[in-house]
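Here is what each chain is made of, one letter per residue.
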Amino acid sequence: MYTFHDFSRRFIKGCNFTFRQWLWFLKLYELNVPSKEMARQLKVSYVTVLKARDITRRAILAQALDANSYYRLGIRPGSGRRKGRPTMRNSPVFGVLDLGGYVICDLMSDLTVENILHFKLNFCLKTSHLGQLVYTSPYQKYTALTACGPDLWTTNFIRHGDTRIPVDATDFWRDVKARLRSVRGVNPTTFPLYLKEWELRFNNRGESLVPVLAAALCGFVPKS
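Because the structure is predicted, anything quoted here is derived from the model rather than measured. (Residues numbered from 1 in each chain as written. Predicted model: local features only at pLDDT ≥ 70, side-chain atom pairs only at ≥ 80, totals over all residues. Heavy atoms only, no water.)

Draft legend 1. View of helix H5 (residues 113-123). The set of residues buried in H5 consists of Val113, Ile116, Leu117, Phe119 and Lys120. All buried residues of H5 fall inside an arc of 160 degrees around its axis, so they share one side. Opposite its buried face, H5 presents the exposed residues Leu121, Asn122 and Phe123, each directed more than 90 degrees away. Buried residues along H5 sit against strand E3 (127-130), strand E4 (133-136) and strand E5 (144-148). Following H5 by one or two positions, Cys124 has its phi on the positive side, about 60 degrees. (Buried < 20%, exposed > 50% of the residue type's maximum accessible area, 1.4 Å probe, protein only. Helix = DSSP H or I, 4+ residues; strand = E, 2+ residues; numbered from the N terminus. Arc of directions from axis to C-beta. Contact = heavy atoms within 4.5 Å.)

So, in C-alpha coordinates, the structure goes:
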(Lines give C-alpha, C1' and ligand atoms only; values in the text may rest on other atoms or scores of the structure.)
Protein backbone atom coordinates (compact mmCIF):
# COMPACT_ATOMS: atom_id res chain seq x y z
CA MET A 1 0.00 0.00 0.00
CA TYR A 2 1.33 3.44 -0.96
CA THR A 3 1.20 6.26 1.59
CA PHE A 4 0.73 9.69 0.03
CA HIS A 5 2.74 12.60 1.41
CA ASP A 6 3.64 16.20 0.56
CA PHE A 7 5.95 15.21 -2.31
CA SER A 8 3.90 12.42 -3.88
CA ARG A 9 3.76 12.58 -7.69
CA ARG A 10 6.32 15.39 -7.75
CA PHE A 11 9.52 15.39 -9.79
CA ILE A 12 11.67 15.40 -6.67
CA LYS A 13 10.52 11.86 -5.81
CA GLY A 14 11.82 10.49 -9.13
CA CYS A 15 15.29 9.97 -7.69
CA ASN A 16 16.16 8.47 -4.33
CA PHE A 17 18.09 11.50 -3.07
CA THR A 18 17.78 13.00 0.37
CA PHE A 19 16.81 16.67 0.35
CA ARG A 20 20.39 17.54 1.27
CA GLN A 21 21.67 15.55 -1.72
CA TRP A 22 19.19 17.31 -3.98
CA LEU A 23 20.43 20.74 -2.88
CA TRP A 24 24.03 19.66 -3.37
CA PHE A 25 23.18 18.19 -6.77
CA LEU A 26 21.41 21.39 -7.87
CA LYS A 27 24.42 23.51 -6.95
CA LEU A 28 26.70 21.19 -8.94
CA TYR A 29 24.16 21.23 -11.79
CA GLU A 30 24.13 25.03 -11.76
CA LEU A 31 27.92 25.01 -12.02
CA ASN A 32 27.75 22.48 -14.90
CA VAL A 33 30.01 20.04 -13.04
CA PRO A 34 30.59 16.82 -15.08
CA SER A 35 28.38 13.87 -14.13
CA LYS A 36 31.29 11.66 -13.02
CA GLU A 37 32.50 14.34 -10.61
CA MET A 38 28.92 14.80 -9.34
CA ALA A 39 28.72 11.08 -8.62
CA ARG A 40 32.00 11.19 -6.71
CA GLN A 41 30.98 14.15 -4.56
CA LEU A 42 27.47 12.87 -3.89
CA LYS A 43 28.72 9.31 -3.28
CA VAL A 44 26.14 7.85 -5.66
CA SER A 45 26.41 5.95 -8.94
CA TYR A 46 26.98 7.63 -12.29
CA VAL A 47 23.63 6.24 -13.49
CA THR A 48 21.86 7.89 -10.55
CA VAL A 49 23.33 11.26 -11.50
CA LEU A 50 22.21 10.82 -15.11
CA LYS A 51 18.70 10.04 -13.84
CA ALA A 52 18.69 13.14 -11.64
CA ARG A 53 19.80 15.28 -14.60
CA ASP A 54 17.02 13.85 -16.75
CA ILE A 55 14.41 14.50 -14.05
CA THR A 56 15.63 18.08 -13.68
CA ARG A 57 15.37 18.75 -17.41
CA ARG A 58 11.84 17.33 -17.50
CA ALA A 59 10.93 19.53 -14.52
CA ILE A 60 12.25 22.55 -16.44
CA LEU A 61 10.21 21.63 -19.50
CA ALA A 62 7.06 21.26 -17.38
CA GLN A 63 7.29 24.98 -16.54
CA ALA A 64 6.89 25.97 -20.20
CA LEU A 65 3.52 27.48 -21.13
CA ASP A 66 3.32 25.12 -24.09
CA ALA A 67 4.46 22.00 -22.20
CA ASN A 68 1.36 20.06 -23.23
CA SER A 69 2.35 20.50 -26.88
CA TYR A 70 5.66 18.75 -26.16
CA TYR A 71 3.88 15.87 -24.48
CA ARG A 72 1.52 15.45 -27.42
CA LEU A 73 4.57 15.13 -29.69
CA GLY A 74 5.91 12.23 -27.61
CA ILE A 75 8.14 13.86 -24.97
CA ARG A 76 7.60 11.99 -21.70
CA PRO A 77 6.55 14.22 -18.76
CA GLY A 78 8.45 12.13 -16.20
CA SER A 79 11.45 9.87 -16.06
CA GLY A 80 11.51 6.20 -16.98
CA ARG A 81 10.52 4.34 -20.12
CA ARG A 82 6.94 4.01 -21.29
CA LYS A 83 6.27 0.62 -22.87
CA GLY A 84 4.77 0.74 -26.33
CA ARG A 85 5.79 4.34 -26.99
CA PRO A 86 8.05 4.63 -30.07
CA THR A 87 11.31 6.53 -29.99
CA MET A 88 11.08 9.97 -31.57
CA ARG A 89 12.68 9.83 -35.03
CA ASN A 90 13.09 13.57 -35.49
CA SER A 91 12.88 16.34 -32.94
CA PRO A 92 10.32 19.12 -33.23
CA VAL A 93 11.42 22.29 -35.02
CA PHE A 94 12.18 25.30 -32.82
CA GLY A 95 12.34 28.96 -33.68
CA VAL A 96 15.05 30.90 -31.81
CA LEU A 97 13.85 34.41 -31.01
CA ASP A 98 16.47 36.85 -29.72
CA LEU A 99 14.88 39.71 -27.78
CA GLY A 100 18.08 41.58 -27.02
CA GLY A 101 19.59 39.63 -24.16
CA TYR A 102 16.59 37.38 -23.60
CA VAL A 103 15.92 34.30 -25.71
CA ILE A 104 12.77 32.33 -26.45
CA CYS A 105 12.95 28.92 -28.13
CA ASP A 106 9.48 28.54 -29.62
CA LEU A 107 8.07 25.14 -30.47
CA MET A 108 7.08 25.41 -34.16
CA SER A 109 4.29 22.85 -34.21
CA ASP A 110 3.35 23.76 -37.80
CA LEU A 111 6.83 22.94 -39.14
CA THR A 112 8.78 19.69 -39.55
CA VAL A 113 12.35 18.86 -40.51
CA GLU A 114 11.03 18.23 -44.05
CA ASN A 115 9.98 21.90 -44.15
CA ILE A 116 13.53 22.95 -43.32
CA LEU A 117 14.84 20.88 -46.23
CA HIS A 118 12.14 22.35 -48.49
CA PHE A 119 13.12 25.91 -47.53
CA LYS A 120 16.78 25.06 -48.09
CA LEU A 121 16.40 23.40 -51.48
CA ASN A 122 13.71 25.64 -52.94
CA PHE A 123 14.13 28.99 -51.21
CA CYS A 124 17.91 28.99 -50.53
CA LEU A 125 17.57 29.08 -46.74
CA LYS A 126 21.11 28.71 -45.42
CA THR A 127 21.78 25.86 -43.00
CA SER A 128 24.66 24.75 -40.82
CA HIS A 129 25.03 22.05 -38.20
CA LEU A 130 26.49 20.99 -34.86
CA GLY A 131 26.61 17.21 -35.06
CA GLN A 132 23.06 16.07 -35.83
CA LEU A 133 21.66 19.46 -34.79
CA VAL A 134 20.85 21.63 -37.82
CA TYR A 135 20.17 25.37 -37.65
CA THR A 136 19.30 27.98 -40.24
CA SER A 137 19.60 31.60 -41.23
CA PRO A 138 16.69 33.87 -40.16
CA TYR A 139 13.14 32.72 -40.86
CA GLN A 140 10.28 35.22 -40.51
CA LYS A 141 10.69 36.85 -37.06
CA TYR A 142 13.10 34.18 -35.81
CA THR A 143 16.89 34.47 -35.72
CA ALA A 144 17.07 30.79 -36.67
CA LEU A 145 15.18 27.54 -36.93
CA THR A 146 16.76 24.47 -35.38
CA ALA A 147 16.00 20.75 -35.20
CA CYS A 148 17.69 17.39 -34.88
CA GLY A 149 17.12 14.08 -36.66
CA PRO A 150 18.13 11.73 -39.49
CA ASP A 151 15.56 13.09 -41.96
CA LEU A 152 17.60 16.28 -42.17
CA TRP A 153 20.28 14.17 -43.89
CA THR A 154 18.21 12.31 -46.47
CA THR A 155 20.99 11.85 -49.06
CA ASN A 156 24.71 12.37 -49.42
CA PHE A 157 23.92 15.42 -51.54
CA ILE A 158 22.41 17.29 -48.60
CA ARG A 159 25.01 19.50 -46.95
CA HIS A 160 24.45 21.74 -43.95
CA GLY A 161 27.72 23.60 -44.22
CA ASP A 162 26.76 27.20 -45.00
CA THR A 163 28.78 29.94 -43.30
CA ARG A 164 27.91 33.38 -41.97
CA ILE A 165 24.73 32.21 -40.30
CA PRO A 166 23.57 35.24 -38.22
CA VAL A 167 22.68 33.21 -35.12
CA ASP A 168 26.36 32.20 -34.85
CA ALA A 169 27.12 35.78 -33.79
CA THR A 170 24.68 35.75 -30.85
CA ASP A 171 25.71 35.14 -27.26
CA PHE A 172 23.03 32.48 -26.85
CA TRP A 173 24.22 30.36 -29.78
CA ARG A 174 27.85 30.62 -28.70
CA ASP A 175 26.65 29.33 -25.33
CA VAL A 176 24.76 26.48 -27.05
CA LYS A 177 27.88 25.46 -28.95
CA ALA A 178 29.94 25.32 -25.77
CA ARG A 179 27.32 23.32 -23.88
CA LEU A 180 26.78 20.96 -26.80
CA ARG A 181 30.47 20.09 -26.78
CA SER A 182 30.27 19.31 -23.06
CA VAL A 183 27.41 16.81 -23.51
CA ARG A 184 29.02 15.20 -26.59
CA GLY A 185 25.96 15.50 -28.78
CA VAL A 186 22.22 15.08 -28.41
CA ASN A 187 19.59 12.92 -30.08
CA PRO A 188 16.09 13.85 -31.34
CA THR A 189 14.40 12.70 -28.12
CA THR A 190 16.64 14.60 -25.71
CA PHE A 191 17.24 17.69 -27.85
CA PRO A 192 14.07 19.54 -26.68
CA LEU A 193 15.03 18.90 -23.05
CA TYR A 194 18.54 20.24 -23.53
CA LEU A 195 17.32 23.26 -25.50
CA LYS A 196 14.88 24.30 -22.77
CA GLU A 197 17.65 23.89 -20.18
CA TRP A 198 20.00 26.08 -22.24
CA GLU A 199 17.25 28.66 -22.66
CA LEU A 200 16.71 28.75 -18.88
CA ARG A 201 20.42 29.03 -18.14
CA PHE A 202 20.90 31.86 -20.62
CA ASN A 203 17.89 33.86 -19.45
CA ASN A 204 18.98 33.53 -15.81
CA ARG A 205 22.71 34.10 -16.33
CA GLY A 206 24.28 36.01 -13.47
CA GLU A 207 21.64 34.69 -11.05
CA SER A 208 21.48 31.53 -8.98
CA LEU A 209 19.54 28.74 -10.67
CA VAL A 210 19.12 26.71 -7.48
CA PRO A 211 15.84 28.35 -6.30
CA VAL A 212 14.37 28.13 -9.81
CA LEU A 213 15.32 24.48 -10.23
CA ALA A 214 14.19 23.55 -6.70
CA ALA A 215 10.76 25.08 -7.36
CA ALA A 216 10.48 23.18 -10.66
CA LEU A 217 11.43 19.87 -9.01
CA CYS A 218 8.79 20.39 -6.33
CA GLY A 219 6.13 20.67 -9.03
CA PHE A 220 3.76 17.85 -9.96
CA VAL A 221 4.67 15.48 -12.78
CA PRO A 222 1.98 16.05 -15.45
CA LYS A 223 -0.16 13.09 -16.42
CA SER A 224 0.84 11.65 -19.81
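Draft legend 2. Inspection of the pattern of salt bridges at higher detail. Considering all chains together, one arrives at 11 salt bridges under this definition. Between Asp151 and Arg89 there is a salt bridge; the shortest N-O distance is 2.8 Å. Here Asp151, found in the loop between E5 and helix H6 (171-183), pairs with Arg89, found in the loop between helix H4 (67-72) and strand E1 (94-98); they are 62 residues apart in sequence, far enough to count as distant. What makes Asp151 buried here is its relative accessible area of 16%. According to the relative accessible area criterion, Arg89 is exposed, its value standing at 52%. The closest approach of N and O atoms between Asp162 and Lys120, which form a salt bridge, is 3.6 Å. (Salt bridge = Lys/Arg side-chain N within 4 Å of Asp/Glu carboxyl O.)

Draft legend 3. Summary view of the packing of aromatic side chains. Using the criterion set out here, one finds 11 aromatic pairs in the structure. On the basis of an interplanar angle of 80 degrees and a centroid distance of 5.6 Å, the ring pair of Trp22 and Phe25 is categorised as edge-to-face. Of this pair, Trp22 and Phe25 both sit in helix H1 (residues 19-30), three residues apart, which is roughly one turn of the helix. What makes Trp22 buried here is its relative accessible area of 2%. When its relative accessible area of 0% is taken as the criterion, Phe25 is described as buried. Taken together, the ring pairs in this structure connect Phe17, Trp22, Phe25 and Tyr29 into an aromatic cluster. A cation sits over an aromatic face here: Arg10 above Phe220, 4.0 Å from the ring centre. Over the ring of Phe202 we find Arg205; its NZ or CZ atom is 3.9 Å from the centre of that ring. (Phe/Tyr/Trp six-rings, centres within 6.5 Å; stacked < 30°, edge-to-face > 60°. Lys NZ or Arg CZ within 6 Å of the ring centre and 35° of its normal.)

Draft legend 4. Broad picture of the side chain of Asn90. Considering the arrangement of structural elements, one finds Asn90 in the loop between H4 and E1. Residue classification places Asn90 among the buried residues on the basis of a relative accessible area of 17%. Within the structure, the side chain of Asn90 is placed 2.7 Å from the side chain of Asp151, a separation counted as a polar contact. Contact partners of Asn90, with chain neighbours within four places excluded, come to Val113, Cys148, Gly149, Pro150, Asp151 and Pro188. (Polar contact = N/O pair within 3.5 Å; in protein donor to acceptor, adjacent residues only side chain to side chain.)

Draft legend 5. Here's a closer look at the pairing of E4. Burial of the side chains of E4 extends over both faces: Leu133 and Tyr135 are buried on one face and Val134 and Thr136 on the other. Note: E3 against E4, four bridges, orientation antiparallel. Along E4, the bridge assignment pairs His129 with Val134. The pairing of E4 with E5 spans three bridges and is antiparallel. Of the residues in E5, the one forming a bridge with Leu133 is Cys148. (Pairing = 2+ DSSP bridges.)

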